[in-house]
Amino acid sequence: MNKRKRQIIHAARQLFLEKGFNDTSIIDIISSANVSKGTFYNHFSSKTQCLIAILDETREEIISTRLEVALNTNPNDINVLLKQMALIAYVHRKRNLMQIFEAVSGNKDQELKQVLEKHLIHEIEWLASRLVDIYGENIRKFSYECAVQAIAMMQNSFRVIAMVTKQLATPEDVVKNVLNHVEGILVHLQKTNSVLITSDIFQALHQKAEETQITKSTLLQQLHGFTEKLTPDDMESGVEYAKYLLNELQTEEEKTYILEAVLPAFKNAFKDTSHEAEANEISISLWRYLQIKNEEKNYNAPYR
């Protein structure tokens, strides 16, 4: 993402928080971002597309941070899942997304609706897979059903608590409670063998929300452009990490475990520098690429 586009997204987010989505105009965004009208329309056709960019950026941050949390941990560790599920609340709070969501509630824009549906479908798919990691392959048949129920419980728990108190329960408290309920639901489903959200239904949903995959060539292009901007004045460790990632991706079959180990260090090396935003974007893209490769390995798993 180039600097101008990043400026527009940042300005739009601040205005949506301060004035509300409906009361913010494209002229407001252009003025706040200090860009020309032509520059705005080179990147976005509407303010709704600005909002979608904010939502996509947030979604990618959640995905990459969850992968970082799981690094070098046991997939069946329920405490890791708890942290991963709680992350969505922390990221939403950090970016004040709940305030934006409230401002656009009832919005009938089809493009926005499709994006929100896509995010929900991928969240259900991720959680269903993680529940299988925790509770075993024998619950895969019920995993989508449980994921749908868990997400609904989390969303409504936060909403109800917020209605009666400014001091929200911690995300971890809510997730612990939800996972306790999920265990009870699993017992019932296994006993009755009754499933509403079947794998066939979810596969149809997955096809509807299929994401454009991040390719190795796209990543190489990003990293090439990034490393070319680095100078001897930049932190030596950051330059070395960037070059190492680039070299590893240029191999015929990159070692994913090496990329996973280097990524957090690469991201942290550019924290509080002029390269931070772009380094974060590259990190997010790489985590997503690694996740896609992992999904491809598990493509033939039952009920997937």
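Structure: above.
Draft legend 1. Region of interest: the packing of helix α7 (residues 110-135) against helix α8 (residues 140-164). Where α7 meets α8, the axes come as close as 8 Å, and the angle between the chain directions of the two elements is 125 degrees. Taken together, the axes of α7 and α8 lie oblique to each other. In the crossing of α7 with α8, the sense of the turn from one axis to the other is right-handed. On α8, the residues that touch Leu 120, Glu 123, Ile 124, Glu 125, Leu 127, Ala 128, Leu 131 and Val 132 of α7 are Arg 140, Ser 143, Tyr 144, Cys 146, Ala 147, Val 148, Ala 150 and Ile 151. Taken together, the residues that form the contact of α7 with α8 break down as 12 nonpolar, one polar and three charged.

Draft legend 2. α8, seen in detail. The end-to-end C-alpha separation of α8 is 37 Å, in line with the 36 Å expected for 25 residues at 1.5 Å each. Among the residues making up α8, those that are buried are Arg 140, Phe 142, Ser 143, Tyr 144, Glu 145, Cys 146, Ala 147, Ala 150, Ile 151, Met 154 and Phe 158.

Draft legend 3. The side chain of Ser 143, seen in detail. You can see Ser 143 is positioned in helix α8. When sequence neighbours within four positions are dropped, the list of residues in contact with Ser 143 reads Ala 128, Leu 131 and Val 132.

Draft legend 4. Geometry of the nonpolar core. Judged by nonpolar contacts, the single largest core of 29 residues is most densely connected at Leu 81, Met 85, Leu 127, Leu 131, Met 154, Val 175 and Val 182. Within the residue set of this core, elements represented by two or more residues are α5 (78-94), α7, α8 and α9 (171-192). Looking at which element gives the most residues to this core, the answer is α8, with eight residues.

Draft legend 5. Quick peek at the pattern of salt bridges. Considering all chains together, one arrives at 13 salt bridges under this definition. Measuring nitrogen to oxygen at the nearest pair gives 3.0 Å for the salt bridge that ties Arg 95 to Glu 57. Linking Arg 95 in the loop between α5 and α6 (97-104) with Glu 57 in helix α4 (residues 47-70), this pair joins segments that are 38 residues apart in sequence.

Draft legend 6. Quick look at the environment of Gln 14. Turning to its location among the elements, Gln 14 is positioned in helix α1 (residues 3-19). By relative accessible area, which is 33% here, Gln 14 ends up partly exposed. Linking Gln 14 and Ile 29, residues 15 residues apart in sequence, is a C-alpha distance of 9.3 Å.

Draft legend 7. Representation of the packing of α1 against α4 in the model. Relative to each other, α1 and α4 sit at 100 degrees, their axes nearing to 9 Å. Relative to α4, α1 is oriented roughly perpendicular. The residues of α4 that touch α1, namely those facing Ile 8, Ile 9, Ala 12, Arg 13 and Phe 16, are Lys 47, Cys 50, Leu 51, Ala 53, Ile 54 and Glu 57. Taken together, the residues of the contact of α1 with α4 break down into eight nonpolar, no polar and three charged.

Rules of the game
Residues numbered from 1 in each chain as written. Predicted model: local features only at pLDDT ≥ 70, side-chain atom pairs only at ≥ 80, totals over all residues. Heavy atoms only, no water. Axes fitted to C-alpha atoms, helices over the stretch in contact; angles between N-to-C directions. Helix = DSSP H or I, 4+ residues; strand = E, 2+ residues; numbered from the N terminus. Parallel < 35°, antiparallel > 145°, perpendicular 65-115°, else oblique. Left-handed = near helix turned anticlockwise from the far one by under 90°. Contact = heavy atoms within 4.5 Å. Nonpolar A, V, L, I, M, F, W, Y, C, P; charged D, E, K, R; others polar. Expected span 1.5 Å × (residues − 1). Buried < 20%, exposed > 50% of the residue type's maximum accessible area, 1.4 Å probe, protein only. Core = buried A, V, L, I, M, F, W, Y, C linked by side-chain atoms within 4.5 Å. Salt bridge = Lys/Arg side-chain N within 4 Å of Asp/Glu carboxyl O.

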